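Spelled out, the chains give:
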Amino acid sequence: MATLAPPVTRGTTPRVTGASGGHLMRKKRLFWPFVLPALALYVIFLVLPTVATVVLSFTKWAGAGDTPAFNGFTQYSQMWASDNFQSAFQNTLLLLFVGGIGTFLLAFLFTMVLRDMRGGRLVRAILFFPNIVAPVAIGMFFGLMFMPDKRGLANFVLDKFGVEAVPFLAQGSIVWVVMGAIMWASAGFYITILMAAVDRIPPYLYEDSDMAGASPWQKFWNVTLPMTWDVVGIAGVLWTINAIKIFELVFVLAGSGGYAPPPFSWTLGIYVFDRSVGANGTPNFGAACACAVMMILLVSVLVVLLRRLMRRDAIQF
Amino acid sequence: MTVVETQATAAAAVPVRKAPRKPKAAPGSRKLSPLRLLGLIVVWLFTAFNILLLYWLIAGSFKVPAEIFREPFQLPVILFQRGTPFANYIYAWNNAGFGDAFLVTVLLVAAATVTIVAVSAPAAYALSRLGVRGSGAMTNFVAIGMGVPFQTVIIPLFVSMAKIHLTDNLFGLYLVYVALSLPFTVFLLTGFFRSLPDELEEAAAIDGASPVRTFRSVMLPLARGGLITAMIINAIGLWNETLLALVFLQTNAHFTLARALFSFYNAAVYQSQYGGLIAGVAIIVLPMLVLYLVLARRIITGLTLGAGK
Amino acid sequence: MASVSFKGTTRFYAGVDRPAVDGLDLEVEDGEFLVLVGPSGCGKSTTLRMLAGLEGVDEGAVWIGDRDVTNLPPKNRDIAMVFQNYALYPHMTVADNIGFHLKISKVPKAERAKRIQEAAELLDLTEYLDRKPAKLSGGQRQRVAMGRAIVRQPQVFLMDEPLSNLDAKLRVQTRTQIASLQRRLGITTIYVTHDQTEAMTMGDRVAVLKDGILQQCDTPVGLFGKPANLFVAGFIGSPAMNLIPSAVTAEGVSLGGRTIGLTPAQREALTGSDVVIGVRPEGWETTSPENGIPVMVEVVEELGSDQYLYCTAQDESVEQVAHVEESAEEREAPHTITVRTPGMAPWQRGEKLGLIPKPGSVHLFDAASGERLPD
């Protein structure tokens with residue numbers, strides 16, 4: 001193993017200044033052998049396909065034996081005109097912003113309580129639990145829970161209170177069910193990230209605010225939020241990345257497994273899936289690629305914007 | 001005779017007082033403001049909901065559909081009376097293909113996880129500790145991959161892999177899993193390697209160990225905690241992965257658990273096999289739950305680590 | 001302005017049977033500067049935090065002026081606290097930090113600005129008002145923390161080791177500043193430190209705590225001149241008092257062949273047959289080895305103005321008592337007798353000399369109880 005830089009060549013190696021120069025040179029020779037396997041896989045399986053997708057989004061290609069033919073922005077204009085894409089785009093934005101704000105408000109509320117709560121560790125572990133459950137399973141659970149008749153758990157409970165069954169999964173209400181499911185499933189993750197940052201805040205700052213007589217809200221606004229600002233920014237980026245690619249949870253919740261859910265419940269992720277390998281209708285690879293490009297654009301724009309908005313001088317403590 | 005002994009004998013003469021079971025809290029700290037009250041209520045509702053859900057899942061996997069829907073919160077009875085408490089699990093395992101899928105998933109996830117870390121660790125080490133110019137830019141280039149939704153790559157990947165017969169093929173899916181997990185893993189591990197002290201590496205160099213040997217016998221053992229964390233996190237992610245399995249696998253015999261559940265959902269609803277369905281969900285969830293119960297601290301810090309840095 | 005009193009105040013911590021502070025009775029007068037001093041874990045910080053309202057009080061009560069504040073939240077106690085780490089908010093400017101408490105208590109903006117300006121002038125911080133704490137030196141940060149306390153115009157100042165994060169030179173400067181500022185403002189101040197020099201130089205009175213129990217509370221002079229027990233004797237003063245055990249005979253107690261007579265009151269107060277004789281380093285007179293306690297110089301520490309001789313006794317019976325605050329390793333080492341002589345004296349290592357306690361500089365303690373015998 002130790003023959004990458006055999007001693008024989010040591011004399012001929014150009015000397016770098018400093019005693020460890022020779023060693024440093026030998027070390028630097030490791031760079032490419034060490035990086036190349038990962039880099040190659042990354043480029044072949046992620047970078048090139050992404051570039052290909054961008055190129056293919058400018059072609060007309062059904063993907064059923066035909067070959068891609070360049071057609072400029074036609075895919076994009078057709079896509080924007082389609083109802084299915086519009087509702088997918090709307091739903092994704094709704095999940096992204098309303099769900100995001102909701103999740104973060106929830107997480108902030110939790111940080112106020114969890115910081116000095118007895119049994120807080122156990123509660124945090126329980127709150128985090130949905131993150132290890134397959135999104136398919138979560139989608140399925142919420143699908144069963146909100147079944148339209150009183151077989152669904154939600155309507156079962158409503159029925160006990162004498163309330164008429166609500167068609168939770170119908171157009172108009174399904175987005176909110178999905179939003180609730182996603183917020184429930186992801187809140188634990190963001191709470192944990194924020195709490196890790198909150199735990200690093202020196203306790204004497206809270207003691208000083210106690211002496212000043214600050215209310216929980218004032219402590220949050222004057223201490224917790226400014227002290228965790230950077231982590232909030234990173235959490236925001238993670239939320240954006242994760243929310244845009246939401247797929248199987250909605251797919252299973254709104255549909256029932258093999259069948260695609262009704263278009264009014266779609267997200268961008270489902271739109272791409274449906275146009276590429278979905279069981280509904282015929283494939284349209286060109287449109288799928290155009291939508292995928294939209295997803296990447298959305299992620300990039302939002303992440304850059306978020307970083308801009310959240311930027312401020314680093315604080316040391 | 002020393003002062004210390006003097007004090008000790010004096011203390012022994014005084015009867016030892018018993019501390020109160022719970023010392024008093026600081027005045028005012030237990031006062032409930034409306035916001036804190038709201039927070040407490042939401043926290044407890046949330047926690048109760050999670051526990052209830054887990055109960056519903058485990059109890060439901062031992063119930064017949066009538067019980068699942070009419071007595072969702074009661075303990076299972078009928079299957080136990082019939083003397084076949086595991087009927088749902090047996091159905092899911094044998095008839096719905098979860099048995100085969102379980103085996104496939106365990107092997108696939110194990111192989112992919114080990115490969116991911118084996119490929120990422122040297123790369124992360126090289127990017128973070130060799131001081132080669134451009135490493136920073138290259139690390140960022142890899143890290144950007146974390147932001148790319150997988151939907152973006154499925155068409156070109158599917159089309160080109162179909163040409164070399166790597167679709168509907170577990171080795172093909174294995175390759176895709178390994179490659180697409182690299183950005184996160186490399187990013188996570190560069191953080192770990194960067195936090196290691198320089199001294200040991202320098203000491204090894206002075207002792208005349210070759211760079212490869214230094215990496216293998218000094219750096220890897222030091223980063224072991226990070227490597228294990230990376231494995232666990234990837235294992236959880238791949239165990240639950242659905243989209244890629246859905247795109248790349250078509251034959252039942254190749255199905256992973258998530259993929260099998262996806263297909264079985266439809267059939268189960270049609271045949272009203274809800275008991276088997278919930279047992280299927282339990283088969284996916286329970287191994288992860290056990291892993292979580294054992295490794296909660298490590299999983300939580302690992303999954304949130306990337307964000308803290 | 002107000003007095004502070006602890007009335008049998010006791011504090012337990014969860015899972016620990018011995019109270020952290022045990023039945024503390026202490027009166028602090030209006031305008032007084034009281035220092036709480038003791039080794040780490042003695043309960044001094046807990047005492048301060050109970051007064052601040054950051055800790056609950058398990059038994060007894062705490063009064064500020066004529067109010068029982070035991071169950072009052074911190075903000076209603078009319079106090080201000082300087083924390084050991086200053087507790088400055090890193091994201092706020094100096095002005096915002098100083099004005100934070102006023103902002104929370106909804107003091108109008110103009111009034112706030114005026115009070116911040118006054119405090120800044122008093123503490124020489126005017127030119128730093130727009131800076132963030134990270135851009136300040138340690139001393140400046142310490143002054144910001146002081147400013148935040150002053151600006152509240154409280155009845156009582158609480159200070160928890162406010163100088164422990166400064167380097168030695170700055171600490172000496174700042175401790176005079178704090179003491180003179182306190183005298184100027186005339187606000188009752190409770191000051192916690194583990195450093196007995198700080199305690200002796202700053203406090204009007206000093207309260208010595210150990211294991212949660214008040215050992216003695218007196219003026220620095222009283223504490224130094226008449227330590228109430230062996231612990232205080234060993235803790236106050238640097239280098240520490242020499243403590244030498246001795247048996248009581250019919251004539252009195254013997255120290256290196258000399259006999260010190262005991263008064264009837266002292267004999268009355270004895271609980272055992274042994275005493276500990278305490279002599280401070282400056283309490284020795286040096287003479288020839290035949291005339292006093294024979295010792296040999298081991299180390300000479302020249303300070304210029306003073307000189308410390310660390311000597312070993314040539315007579316087994318004058319072995320020093322282990323000092324309370326020493327670590328296990330230090331206890332292993334042979335215990336030397338410390339002697340203070342004028343600076344630049346010609347003593348050499350290995351020289352032999354005799355020691356005689358100066359008249360009036362002998363402290364007698366009951367070895368069994370550790371208590372001081374009446375004079």
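Residues numbered from 1 in each chain as written. Chains lettered and ligands numbered in written order. Predicted model: local features only at pLDDT ≥ 70, side-chain atom pairs only at ≥ 80, totals over all residues. Heavy atoms only, no water.

1. Considering empty space enclosed by the protein
Right, on to step 1. Following the criterion strictly, the structure yields eight cavities of 30 Å³ or more and no others.
Right, on to step 2. Counted as a void, the largest cavity has a volume near 150 Å³.
Right, on to step 3. Lining the largest cavity are 16 residues; nearest its centre among them are A:A137, A:F141, B:L53, B:L57 and B:V281.
Right, on to step 4. When residues of the lining of the largest cavity are traced back to their parent elements, those giving at least two are helix 6 (135-145) of chain A together with helix 2 (34-60) and helix 15 (274-308) of chain B.
Right, on to step 5. Looking at which element gives the most residues to the lining of the largest cavity, the answer is helix 6 of chain A, with five residues.
Right, on to step 6. Counted by class, the lining of the largest cavity contains 16 nonpolar, no polar and no charged residues.
Right, on to step 7. Composition of the lining of the largest cavity by domain shows at least three residues from each of domain 1 (40-85) and domain 2 (97-308) of chain B. (1 Å grid on protein atoms, 1.4 Å probe; cavity = no way out; pocket = protein on both sides within 12 Å on 5 of 7 lines; lining within 4 Å. Points joined across faces, edges and corners; volume = space filled by probe spheres on them. Helix = DSSP H or I, 4+ residues; strand = E, 2+ residues; numbered from the N terminus. Nonpolar A, V, L, I, M, F, W, Y, C, P; charged D, E, K, R; others polar. Domains from an automatic or database assignment.)

2. So, the packing of aromatic side chains
Right, on to step 1. Counting across every chain of the model gives 51 aromatic pairs over all chains.
Right, on to step 2. Summarising the aromatic geometry, the rings of A:W80 and A:F85 are spaced 4.9 Å apart at their centres and angled 80 degrees between planes, so their arrangement reads as edge-to-face.
Right, on to step 3. Judged by its relative accessible area of 0%, A:F85 is buried.
Right, on to step 4. Plain terms: the ring middles of B:Y91 and B:F264 are 6.2 Å apart, the flat faces sit at 35 degrees to each other, and that makes the pair tilted. In this pair, B:Y91 is assigned in helix 5 (residues 87-95) and B:F264 in helix 14 (residues 257-271), connecting sequence segments 173 residues apart.
Right, on to step 5. Overall, the relative accessible area of 7% leaves B:F264 in the buried class.
Right, on to step 6. The lysine or arginine in question, C:R280, covers the ring of C:F224, its NZ or CZ lying 3.9 Å from the ring centre. (Phe/Tyr/Trp six-rings, centres within 6.5 Å; stacked < 30°, edge-to-face > 60°. Buried < 20%, exposed > 50% of the residue type's maximum accessible area, 1.4 Å probe, protein only. Lys NZ or Arg CZ within 6 Å of the ring centre and 35° of its normal.)

3. Observations concerning the UniProt feature "transmembrane region" (unreviewed entry) in chain B
Residues and elements named next belong to chain B.
Right, on to step 1. The feature "transmembrane region" (unreviewed entry), as annotated in UniProt, sits at residues 37-58, 101-127, 139-159, 171-193, 214-237 and 274-295 in this numbering.
Right, on to step 2. The distance separating the terminal C-alpha atoms of residues 37-58 is 32 Å; by composition the span is 100% helix and 0% strand.
Right, on to step 3. For residues 139-159, the end-to-end C-alpha separation is 29 Å, with 57% helix and 0% strand making up the annotated structure. (UniProt positions renumbered as here; feature names shortened; annotations may be inferred.)

4. Topic: the packing of helix 4 (residues 83-114) of chain A against helix 13 (residues 285-310) of chain A
All names here are of chain A.
Right, on to step 1. The contact between helix 4 and helix 13 brings their axes to 13 Å, and the two run at 25 degrees. Comparing their axes, helix 13 and helix 4 come out roughly parallel. Helix 4 and helix 13 meet at a crossing whose hand is right-handed. From helix 4, F85, F89, L93, L96 and F97 reach across to helix 13, where they touch C291, M294, L298 and L302.
Right, on to step 2. Grouping the constituent residues of the contact of helix 4 with helix 13 by class yields nine nonpolar, no polar and no charged. (Axes fitted to C-alpha atoms, helices over the stretch in contact; angles between N-to-C directions. Parallel < 35°, antiparallel > 145°, perpendicular 65-115°, else oblique. Left-handed = near helix turned anticlockwise from the far one by under 90°. Contact = heavy atoms within 4.5 Å.)

5. With respect to the state of the cysteines
All names here are of chain C.
Right, on to step 1. Per the stated rule, a full pass over the model turns up zero disulfides over all chains.
Right, on to step 2. You can see C217 has no disulfide; the closest cysteine sulfur is in C42, sitting 13 Å from it.
Right, on to step 3. The exposure class assigned to C217 is partly exposed, which follows from its relative accessible area of 24%. (Disulfide = S-S within 2.5 Å.)

6. Things to note about helix 1 (residues 44-52) of chain C
What sets the pattern is the α-helix's 3.6 residues per turn: residues three or four places apart point alike.
All names here are of chain C.
Right, on to step 1. Most of helix 1 is tucked away: eight of the nine residues are buried.
Right, on to step 2. By the burial criterion, the buried members of helix 1 are K44, T46, T47, L48, R49, M50, L51 and A52.
Right, on to step 3. At the exit of helix 1 stands G53, carrying a positive phi of roughly 90 degrees.

7. Side note on the pattern of salt bridges
Right, on to step 1. Within this structure, the stated rule accounts for 18 salt bridges over all chains.
Right, on to step 2. A salt bridge links A:K219 to A:D210; its shortest N-O distance comes to 2.8 Å.
Right, on to step 3. Across the salt bridge formed by A:R275 and A:D274, the nearest N and O atoms sit 3.5 Å from each other.
Right, on to step 4. Of the residues examined, A:D274 reaches a relative accessible area of 4% and is grouped as buried.
Right, on to step 5. Ionic contacts of the salt-bridge type, sharing partners, join the residues A:E207, C:R11, C:R49, C:E55 and C:D58 into one network. (Salt bridge = Lys/Arg side-chain N within 4 Å of Asp/Glu carboxyl O.)

8. Quick look at the interface of chain A and chain B
Right, on to step 1. Listed by partner, the interface residues are 94 residues for chain A and 94 residues for chain B.
Right, on to step 2. Carbon and sulfur atoms make up 81% of the surface buried where chain A meets chain B, a total of about 8,600 Å² over both sides.
Right, on to step 3. Among the residues of chain A in contact with chain B, A:F34, A:F45 and A:I132 are the three that bury the most area, contributing 9% of the side total.
Right, on to step 4. Remark: the boundary between chain A and chain B carries zero salt bridges.
Right, on to step 5. Inspection of the chain A/chain B interface yields 12 residue pairs in polar contact (both at pLDDT 80 or more).
Right, on to step 6. In terms of residues, the side of chain A that touches chain B owes the most to one element, helix 2 (residues 31-56) of chain A, which gives 18 residues. (Buried area = accessible area lost by both parts, 1.4 Å probe. Polar contact = N/O pair within 3.5 Å; in protein donor to acceptor, adjacent residues only side chain to side chain.)

9. Remarks on the sheet that holds strand 18 (residues 337-342) of chain C
Residue and element names in this part refer to chain C.
Right, on to step 1. Taken in spatial order, the five strands of this open sheet run 15-19-16-17-18, and their pairing is antiparallel. The outermost strands of the open sheet, each flanked by one partner alone, are strand 15 (284-287) and strand 18. Across the sheet, the axes of successive neighbouring strands diverge by a mean angle of 45 degrees, strand direction being ignored.
Right, on to step 2. Taken together, the four bridges between strand 15 and strand 19 (residues 352-357) define a ladder with antiparallel strand orientation. Across the sheet, the residue bridging to W284 is P357, located in strand 19. (Pairing = 2+ DSSP bridges.)

10. Examining the domain arrangement of chain B
Residues and elements named next belong to chain B.
Right, on to step 1. Domains assigned within chain B are domain 1 (40-85) and domain 2 (97-308).
Right, on to step 2. The C-alpha centroid of domain 2 is placed 32 Å from the C-alpha centroid of domain 1.
Right, on to step 3. Taken together, the 10 residues of domain 1 in the interface contact 10 residues of domain 2.
Right, on to step 4. The three residues of domain 1 that bury the most area against domain 2 are L57, S61 and P65, which together make up 48% of that side's buried surface.
Right, on to step 5. The interface formed by domain 1 and domain 2 includes zero salt bridges.
Right, on to step 6. The interface formed by domain 1 and domain 2 includes zero residue pairs in polar contact (both at pLDDT 80 or more).
Right, on to step 7. A total of five residues in the side of domain 1 that touches domain 2 trace back to one element, the largest contributor, which is helix 2.

11. Some points on the interface of chain C and chain A
Right, on to step 1. On the side of chain A, 18 residues touch chain C, which itself brings 23 residues to the contact.
Right, on to step 2. Roughly 1,900 Å² is buried in total at the junction of chain C and chain A, and carbon and sulfur atoms are behind 65% of that figure.
Right, on to step 3. A per-residue breakdown of the area chain C buries against chain A is headed by C:P90, C:H91 and C:I104, which together make up 29% of the total.
Right, on to step 4. The partner of C:R148 in a salt bridge is A:D208, and the shortest N-O contact between them spans 3.4 Å.
Right, on to step 5. Elements with a minimum of two residues in the side of chain C that touches chain A: helix 1, strand 6 (79-82) and helix 2 (94-104) of chain C.
Right, on to step 6. Tallying contributions element by element places helix 2 of chain C first for the side of chain C that touches chain A, with four residues.

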